[in-house]
Amino acid sequence: MTTQRARDDEHGEVAGWFAGRLPEDWFTQAPEVRTDREEILVVGTLAEPELPGGASPEAAATAREARIGGFREDTRERRMQIAQEAQHRFGRRVSWGASCGDLRRLFTTVAVPAMTRLRMDERQVLDTLVEAGVARSRSHALAWCVRLVAGHQDDWLKELREALTAVERVRSEGPA
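Undergrad: Can you walk me through the nonpolar core in this structure?
TA: A general tendency of soluble globular proteins is for nonpolar side chains to be buried together. One finds Phe18, Leu22, Ile40, Val42, Val94 and Trp96 to be the most contacted residues of the largest nonpolar core, which totals 22 residues. For this core, the secondary structure elements donating two or more residues are helix 1 (4-21), strand 2 (39-45), helix 2 (57-74), helix 3 (76-90) and strand 3 (93-100). The contacts of Ile40, once residues within four sequence positions are left out, are Val14, Phe18, Val33, Arg34, Thr35, Phe90, Arg92, Arg93, Val94 and Ser95.

The following block contains the structure:
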């Protein structure tokens, strides 16, 4: 079992590699780098477009969308090259995204199948979501449920992760 400390160390190495490898002029600050067992997600913050005074919120939103779209197209080949190097080094797919102001777009992400065994009552929940048109399939319904929990349970999940970190710390301090 990989410890939280080992995951943190590995994440630090990955984030450091990207901080050193990415061109300095791409983002206004160090990119957000998230990792799991299958994927590395790199999301950078782009400079806000300069707009004439009195520009509408719609114009600002369009400018941000265009800034992100331009970045995606203009850096495609270079991002693919960097991703290939990272994939070789870290053994995981690399996904990209950018944010500009309050807009965040992910360009590529990995959808990983997750096998699970569900009892009848649990399958009925998924089937109800499919029958109601909320989801296209059981798989889609399960993904919808996970997103729902993640969106409404951030504080609870944060507490759970902190508790796991504390447990791993206590284990590492105990007898070998």
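There is more to say, and it comes next.
Undergrad: I'm lost on the layout of surface pockets in this one. Help?
TA: With a probe scaled to a water molecule rolled over the atoms, the places where space remains empty come into view. Within this model, the largest pocket holds a volume of roughly 2100 Å³. In terms of lining, the largest pocket is formed by 42 residues, of which the most central are Arg34, Asp36, Glu38, Glu39 and Val146. The set of elements that each furnish at least two residues to the lining of the largest pocket consists of helix 1, strand 1 (32-35), strand 2, helix 5 (138-152) and helix 6 (154-173). Across the lining of the largest pocket, the residue classes tally to 20 nonpolar, six polar and 16 charged. Within this model, the second largest pocket holds a volume of roughly 220 Å³. The wall of the second largest pocket is formed by 15 residues, among which Met80, Ala83, Val94, Trp96 and Thr108 lie closest to the centre. Elements that contribute at least two residues to the lining of the second largest pocket include exactly helix 3 and strand 3. With six residues, helix 3 is the single largest residue contributor to the lining of the second largest pocket. Its residues assigned to classes, the lining of the second largest pocket shows six nonpolar, five polar and four charged.

Undergrad: Is there a simple way to explain the packing of helix 4 (residues 120-131) against helix 5 in this structure?
TA: Between two packed helices, what matters for the description is the angle formed by their axes and the separation of those axes. Packing of helix 4 against helix 5 brings their axes to within 9 Å, and their N-to-C directions diverge by 100°. Looking at the two axes, helix 4 sits roughly perpendicular to helix 5. Together, Arg123, Leu126, Asp127, Leu129 and Val130 of helix 4 and Arg138, Ala141, Leu142, Trp144 and Cys145 of helix 5 make up the contact between the two elements. Looking at side-chain class alone, the contact of helix 4 with helix 5 contains seven nonpolar, no polar and three charged residues.

Undergrad: What exactly am I supposed to notice about the environment of Glu13 here?
TA: Mapped onto the elements, Glu13 comes out in helix 1. Taking the C-alpha atoms as reference, Glu13 lies 9.7 Å from Phe90; in sequence the two are 77 residues apart. Once residues lying within four places of it in the same chain are set aside, the contact partners of Glu13 are Arg89 and Phe90.

Definitions and limits used
- The written sequence of each chain sets the order in which its residues are numbered from 1.
- Restriction of local features to residues with pLDDT of at least 70 applies here, the model being predicted, together with a cutoff of 80 or more for giving and counting side-chain atom pairs; totals for whole chains, interfaces and linings are based on all residues.
- Each side-chain value is derived from all of the structure's non-hydrogen atoms; neither hydrogens nor water enter the calculation.
- By nonpolar core is meant a set of buried Ala, Val, Leu, Ile, Met, Phe, Trp, Tyr and Cys residues that side-chain atoms within 4.5 Å join together.
- Exposed residues in this analysis have more than 50% of their type's maximum accessible area, buried residues have under 20%, and partly exposed residues fall in between, with area computed by a 1.4 Å probe over protein chains only.
- A helix here means a DSSP run of H or I that spans at least four residues, while a strand means a run of E at least two residues long, and both kinds are numbered starting from the N terminus.
- Residues are treated as being in contact if the distance between any of their heavy atoms lies within 4.5 Å.
- Grid spacing is 1 Å over the protein atoms alone, the probe is 1.4 Å, and a cavity is where that probe fits but cannot get out, while a pocket is an open set with protein on both sides within 12 Å along at least five of seven lines and lining residues have an atom within 4 Å of a point.
- Grid points are joined across faces, edges and corners, and a volume is the space filled by probe spheres set on the points.
- Residue type decides the class: Asp, Glu, Lys and Arg count as charged, Ala, Val, Leu, Ile, Met, Phe, Trp, Tyr, Cys and Pro as nonpolar, and the leftover types, Gly among them, as polar.
- Axis definition: a line fit to C-alpha positions, over the contact stretch in the case of helices; interaxial angles, taken between N-to-C directions, run 0 to 180 degrees.
- Orientation categories follow fixed angle ranges, with anything under 35 degrees roughly parallel, anything over 145 roughly antiparallel, 65 to 115 roughly perpendicular, and all other angles oblique.

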